[in-house]
Amino acid sequence: MAGVAGSELAAAVARAGGLGFLGSGTMSAEKIQSEYRAAVEAAGSHKSNGVIGIGLLNFCITDEMMAATVACKPHSVWLAVGDFKPFIKPLRQAGIKVMCQVTTMQQITDVVAEGADAIVVQGNESGGHGASPASTLSFVPEAVDHVQQLCKSLNRPGVPVIAAGGISDARQVAACFVLGASGVALGTRLVATTESLYKDSKKQHIVQTGSQASERPTTLRTTLYDELNEDVRWPSGVTARAIRNDFTDQWDGQTPLQSELLDRAKERVKRDAADLTVTSTWAGSSVGLIRSVEPAQSLITHLVKDAAAILKASGQALEDDSLDLGICT
Ligand SMILES: Cc1cc2nc3c(=O)[nH]c(=O)nc-3n(C[C@H](O)[C@H](O)[C@H](O)COP(=O)(O)O)c2cc1C
């Protein structure tokens, strides 16, 4: 996650046995290399450690970023948003595993054909940028079936599907495994950790939004902030989920903004950049389940333990025939 996952967060995830990705965004080649080195060092060498990977946004990748990434020789590279094709084969030829975050079935077909090593299926609930119209609950099992069929027809071994979007607690992690996922990717839950680079005020905003009762959804998908950001031009069709505030209530209904409104809105976000009722706080629809900012390593250790206990308990309940399966029309 760009602007969130620096070396400290990636290392904490790896120490918990996960795969910790650095979010490079528009980082320079030098910064990618220095952050990667720092993450590897901070992850240490305990044998239960997971590994460090580098996350790239396809539409932002420069030749220099790609060269720096390959030179780091990370375990994996995460690709997302934009054209995957130019990057999958060169990275794999360099001995790096490639994980592609997708939002459509067509993208799954394309990246499996190119040789992707794992597919991250991102549902509409996800915080930050994405383009999926489907919920994680329906997209994941459909993707699992699709990947299985593709691998069979291409005569290649199975490709793991990782679920992403609105996953913040152990019940949801367990549910994703039941849906057929081989793993989960956590976004917003890891934004609200001690090691995340997100501003403290925004981390607290995520926690507090979670505890507020509201008649309207607390998050929305919008293009509003991207229309105001001259530094990064996101591909069309991409929206981003953020916490709703006074500014989105006022302006989101008017997107795409015409020139005069655009200038006024730009001026406002620039002037009130620290004001949470104006600025963007990217977050997924599971904000309501995030109740505190926690250190990432213990957070993940507990999530994994609790999810395993939930799966074990539901298996036991089924064996005991004590689960009352109430199915309603
Ligand atoms: C603040 C923030 C920054 C993100 N940055 C990236 C990014 O740089 N690259 C990317 O592929 N996904 C990015 N994502 C999306 C995540 O990879 C993931 O799909 C999403 O957070 C999952 O949904 P959740 O936030 O509900 O857990 C970002 C998400 C957030 C909240």
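For clarity, every value in this text was computed on a predicted model and none was experimentally measured.

## As for the site of the ligand
The local shell around the ligand holds 28 residues, among which A80, G127, G128, G187 and G284 are the closest. Elements with a contribution of two residues or more to the shell around the ligand: strand 2 (51-57) and helix 8 (188-191). Both domain 1 (7-196 + 289-301) and domain 2 (200-287) contribute no fewer than three residues apiece to the shell around the ligand.

## Details of the packing of helix 5 (residues 105-114) against helix 6 (residues 136-154)
Each pair of packed helices gets described by two things: the angle between the helix axes and the distance between those axes. Put simply, helix 5 and helix 6 touch, their axes get as near as 10 Å, and they point 35 degrees apart. The interaxial crossing formed by helix 5 with helix 6 has right-handed handedness. The residues of helix 6 that touch helix 5, namely those facing M105, I108, T109, V112 and A113, are A143, H146, V147, L150, C151 and L154. Considered class by class, the residues forming the contact of helix 5 with helix 6 number 9 nonpolar, 2 polar and no charged.

## Concerning the domain arrangement of the protein
One can read the domain layout of the protein as domain 1 (7-196 + 289-301) and domain 2 (200-287). Here domain 1 and domain 2 have C-alpha centroids that lie 24 Å from each other. Elements with a contribution of two residues or more to the side of domain 1 that touches domain 2: strand 6 (128-130) and helix 8. Take the side of domain 1 that touches domain 2: its biggest share by element is 3 residues, from strand 6. Residues of the side of domain 1 that touches domain 2, tallied by class, amount to 9 nonpolar, 14 polar and 2 charged.

## Here's the deal with the sheet that holds strand 3 (residues 76-80)
Taken in spatial order, the 7 strands of this open sheet run 1-2-3-4-5-7-8, and their pairing is parallel. Pairing within the sheet leaves two strands with one partner each, and these edge strands are strand 1 (19-23) and strand 8 (183-185). Going across the sheet, the axis of each strand differs from the next one's by a mean of 30 degrees, ignoring polarity. Bridge count for strand 7 (residues 161-164) against strand 8 is 3 bridges, and the pairing is parallel. Note that in strand 8 the partner of A164 across the bridge is A185.

## Focus on unusual backbone geometry
Backbone torsion omega between T255 and P256 reads -5 degrees, so that peptide bond is classified as cis. You will see that K73, though not glycine, has its phi angle at about 50 degrees, which is positive. Structurally, K73 is set in the loop between helix 3 (63-72) and strand 3. Owing to 10 C-beta atoms within 10 Å, K73 belongs among the exposed residues under this scheme. Backbone geometry at V81 places phi at a positive 60 degrees, although glycine is not the residue there. Looking at where V81 falls in the secondary structure, it is placed in the loop between strand 3 and helix 4 (85-93).

## Examining the pairing of strand 5 (residues 118-122)
A regular strand places its side chains on the two faces of the sheet in alternate fashion. Within strand 5, 5 of the 5 residues are buried, leaving the element largely enclosed by the surrounding structure. Burial along strand 5 is two-sided: the face carrying A118, V120 and Q122 and the face carrying I119 and V121 are both buried. In terms of strand pairing, strand 4 (residues 97-102) meets strand 5 through 4 bridges, oriented parallel. Residue pairing for strand 5: C100 is matched across the bridge by I119. Between strand 4 and its parallel partner strand 5, the chain crosses via helix 5, and the hand of that crossover is right-handed. Relative to strand 7, strand 5 runs parallel, the two sharing 4 bridges. From the neighbouring strand, Q122 faces strand 7, where its bridge partner is A164.

## Considerations on the nonpolar core
Within soluble globular proteins, side chains that are nonpolar tend to cluster in buried spots. In terms of nonpolar packing, the biggest core is built from 81 residues, with A10, I119, V120, V121 and I162 touching the most fellow members. Looking at this core element by element, the count peaks at 6 residues for helix 1 (residues 7-15). Taken domain by domain, this core gets at least three of its residues from each of domain 1 (7-196 + 289-301) and domain 2 (200-287). Other than its neighbours up to four places away in sequence, V120 contacts M99, C100, Q101, V102, I162, A164 and A185. Core analysis: the second largest hydrophobic core is formed by 5 residues, L228, F247, W251 and A265 among them.

Definitions and cut-offs
Residues numbered from 1 in each chain as written. Predicted model: local features only at pLDDT ≥ 70, side-chain atom pairs only at ≥ 80, totals over all residues. Near = placed C-beta within 6 Å. Helix = DSSP H or I, 4+ residues; strand = E, 2+ residues; numbered from the N terminus. Domains from an automatic or database assignment. Axes fitted to C-alpha atoms, helices over the stretch in contact; angles between N-to-C directions. Left-handed = near helix turned anticlockwise from the far one by under 90°. Contact = placed C-beta atoms within 7 Å. Nonpolar A, V, L, I, M, F, W, Y, C, P; charged D, E, K, R; others polar. Pairing = 2+ DSSP bridges. Buried ≥ 20, exposed ≤ 12 C-beta atoms within 10 Å, placed from the backbone. Right-handed = clockwise from strand over helix to strand, strands pointing away. Core = buried A, V, L, I, M, F, W, Y, C linked by C-beta atoms within 7 Å.

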